Structures are given as C-alpha cells and as structure tokens.
Amino acid sequence: MLGLAPGLAPARESPDVEVALGASNTTDREFTAVASVAWLPELRRMSNAVLRAEAGAVLVDGRGHVVGRDLDESVVVGHVGLRYERTDNGLTLGAGVGGQAGETDALSGDVQFITTGGWRWERFSLLVRHISNASLDSPNDGETMLVAAWRF
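Residues numbered from 1 in each chain as written. Predicted model: local features only at pLDDT ≥ 70, side-chain atom pairs only at ≥ 80, totals over all residues. Heavy atoms only, no water.

## Topic: the side chain of Arg-151
Line of reasoning, step 1. Assignment of secondary structure puts Arg-151 in strand E9 (residues 143-151).
Line of reasoning, step 2. We classify Arg-151 as buried; its relative accessible area is 0%.
Line of reasoning, step 3. At 2.5 Å, the side chain of Arg-151 and the side chain of Glu-85 are in polar contact.
Line of reasoning, step 4. Dropping the residues within four chain positions of it, Arg-151 is found in contact with Pro-15, Asp-16, Val-17, Glu-18, Leu-40, Arg-52, Arg-83, Glu-85, Arg-120 and Arg-123. (Helix = DSSP H or I, 4+ residues; strand = E, 2+ residues; numbered from the N terminus. Buried < 20%, exposed > 50% of the residue type's maximum accessible area, 1.4 Å probe, protein only. Polar contact = N/O pair within 3.5 Å; in protein donor to acceptor, adjacent residues only side chain to side chain. Contact = heavy atoms within 4.5 Å.)

See the structure below:
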C-alpha cells in the first residue's frame, strides 16, 4: 500500500476539477447566469505547458420571457475536449464538442462546439467561452460567456 503513495502525489499537486460561475449573452445583449463543472486530467506535461483532457457540463440559465425570442428554457451542454495551459504566462486555450439537454434560439441542434480562452493564476482562472453549433441547425445564435473558475 505504501508503495502506491508516490504515484498518488502528482494528482494531489495538480488539481483537476474546475467549478465556474459567470454571465452569458447572446444576440441583442440578453444576459443570463451560467455555471459549469469540468474534470481536467493531465494528459501531457511539456516544458512550458500542460495538455489536459476536459469533460464537463455547462448550465445556461433560462432568461424568462424575451419578446420575439425563445430563450425561456435552461440548457445544459455536456462536453468533451482538450485544454492547453501555459505554465509560464497562464494562457489557457480549449476546444471541445458537446450535446445538449434543452433548446433555445441561442442553443439548438444536436451538436455544439465549445471554445475557451483566458488566463489562469494558480487555482483561479478567468475564461471567455463560446458555445454554438456553427450554423449546422437554425436558429443558433450561440452563447458567449465570461466566467471565473476555481480548480480543486
């Protein structure tokens, strides 16, 4: 049992669960709250960067009644992808693909693409994320969000 302890140490030093809260908007500046959780296991360590797998879910809260728009329903997007994190300057980039539960004018269709960019300082990140189906299905205005994240 003690022989396994050194193998567990890197997992404790490198937190890999991220929780984020923020705001999202779609066309015409219709803002709403968003929350997400992601598992980010390390795939490969490079000299000045880390490549991670990403599996998670994003909740986009319904906006209530917006005249002429179908934005009432909350949508959950489950996704998988990759995250590239610089260890020298904190730059963070990610891309993934996902499926959703719920549908609005902002998020519709069977497949969604998720892109992420931002900066990370230790356990805290400030990220801009965009979710859209790349016009594969209409309507799909997409969601663009700013989130603050904490890694556990």
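Let's pick the thread back up.
## Observations concerning the environment of Val-76
Line of reasoning, step 1. One can find Val-76 in strand E5 (residues 75-86).
Line of reasoning, step 2. In contact with Val-76, not counting residues within four places along its chain, are Ala-57, Val-58, Leu-59, Gly-99, Gln-100 and Ala-101.

## A few points about the nonpolar core
Line of reasoning, step 1. Of all hydrophobic cores here, the largest spans 13 residues; its most connected members are Val-60, Val-77, Leu-107, Ile-131, Met-145 and Val-147.
Line of reasoning, step 2. For this core, the element with the highest residue contribution is E9, accounting for three residues.
Line of reasoning, step 3. Filtering out sequence-adjacent residues up to four positions away, Val-60 remains in contact with Thr-32, Ala-33, Val-34, Glu-73, Ser-74, Val-75, Leu-107, Glu-143 and Met-145. (Core = buried A, V, L, I, M, F, W, Y, C linked by side-chain atoms within 4.5 Å.)

## Focus: empty space enclosed by the protein
Line of reasoning, step 1. Per the stated rule, a full pass over the model turns up one cavity of 30 Å³ or more.
Line of reasoning, step 2. Within this model, the largest cavity holds a volume of roughly 40 Å³.
Line of reasoning, step 3. At the level of secondary structure, the elements contributing two or more residues to the lining of the largest cavity comprise E5, strand E6 (91-101) and strand E7 (112-121).
Line of reasoning, step 4. Tallying contributions element by element places E5 first for the lining of the largest cavity, with four residues. (1 Å grid on protein atoms, 1.4 Å probe; cavity = no way out; pocket = protein on both sides within 12 Å on 5 of 7 lines; lining within 4 Å. Points joined across faces, edges and corners; volume = space filled by probe spheres on them.)

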